[in-house]
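# Notes for the structure review
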Amino acid sequence: MIEFRQVNKYYGDLRALADVSETIAHGEVVVICGPSGSGKSTLIRTINRLEEIDSGQILVDGIDIHAPDVRLDRLRSSIGFVFQQFNLFPHLSVLRNCTLAPIHLRGMRAAEARDRALAVLERVGVADKANALPSQLSGGQQQRVAIARALVMEPPLMLFDEPTSALDPEMVGEVLRVIRDLAHHGMTLVCVTHEMGFAREVADRILFMDQGFILERGSPREFFVNPQHARTRRFLADIRSPFPSD
């Protein structure tokens, strides 16, 4: 589904991504973690070209997405992206937030878009808020609407950039439950998060980044029980292992 080939990204003299090479398979759930400033959000934002790269290649379904002839609107309509800050249109109802893209980007009839949006809002547990404005919702409800908005486009790939970081602690669980449901239904997911319990439960693989490098990659058990890199061990030092030692 996704292939990174020697990807580098700079912000001035700061090297945000350093020779990143990685492959993510169809249907795989990958969690990216690491300290603040490690490059994890930059990495996920290159997948739909919210961030441009300075060298290397990124292929999504075999297409070089940074090639000059790639149509950005077509690329982004096939990749769901959920942001930290929800990014809902504040002047539009929940339903209109969810029908805007399928109508204007996919040419879907308004009635069909409405039916699909209501079905997805039901799936994420906020169908009763269809006519509300974002300002009338809790943070957790807004983030579930943001997930629904992405799902209405039926993307083969979903990206989450720290989807719970802007939420009050009591709202985190409701959003993670929705993402967990998507993971269990075989969708390809890439999620940047600090929620280590969620990573342990849902991820097929965990990538650990620091200073732009992917330093560690492995299953949740390998990552939490037997990390190979000293920097990973320091990162996990204050986190109780979710697996018992063998």
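To start, this report covers the structure provided alongside it.

The rules we used
- Residues numbered from 1 in each chain as written.
- Predicted model: local features only at pLDDT ≥ 70, side-chain atom pairs only at ≥ 80, totals over all residues.
- Heavy atoms only, no water.
- Core = buried A, V, L, I, M, F, W, Y, C linked by side-chain atoms within 4.5 Å.
- Buried < 20%, exposed > 50% of the residue type's maximum accessible area, 1.4 Å probe, protein only.
- Helix = DSSP H or I, 4+ residues; strand = E, 2+ residues; numbered from the N terminus.
- Contact = heavy atoms within 4.5 Å.
- Expected span 1.5 Å × (residues − 1).
- Bend = angle between axes of the 7 residues up to and from the residue.

## A short note on the nonpolar core
Leu121, Ile147, Met158, Phe160 and Leu189 are the most contacted members of the largest nonpolar core, which has 38 residues in total. Among the elements that make up this core, the one with the highest residue count is helix H6 (residues 169-184) (8 residues). Filtering out sequence-adjacent residues up to four positions away, Phe160 remains in contact with Ile44, Val82, Ile147, Ile179, Leu182, Leu189, Val190, Cys191 and Val192. If you look at the next biggest cluster of nonpolar residues, it comprises 28 residues, including Ile2, Ala67, Phe81 and Val192.

## With respect to unusual backbone geometry
Phi is positive for Asp61, which is not a glycine, with a value near 55 degrees. Summarising the element assignment, Asp61 is placed in the loop between strand E4 (55-60) and strand E5 (63-64). A relative accessible area of 47% places Asp61 in the partly exposed class. Although it is not a glycine, Asn87 sits at a positive phi angle of roughly 55 degrees. Mapped onto the fold, Asn87 is located in the loop between strand E6 (79-82) and helix H3 (94-106). Here Asn87 falls in the partly exposed class, since its relative accessible area comes to 40%.

## Thoughts on the side chain of Asp210
For Asp210, the position within the fold is in strand E9 (residues 205-210). Residues within four places of Asp210 in sequence aside, it is in contact with Pro35, Ser38, Leu215 and Arg231.

## Describing H3
Given a rise of 1.5 Å per residue, 13 residues ought to cover 18 Å, and the 19 Å separating the end C-alpha atoms of H3 matches this to within 8%. Helix geometry: H3 is bent most strongly at Leu100, by close to 25 degrees, with proline Pro102 lying one to four residues after it. Buried within H3 are the following residues: Val94, Leu95, Asn97, Cys98, Thr99 and Pro102. Buried residues in H3 make contact with helix H4 (110-123) and helix H5 (139-151). At the exit of H3 stands Gly107, carrying a positive phi of roughly 70 degrees.

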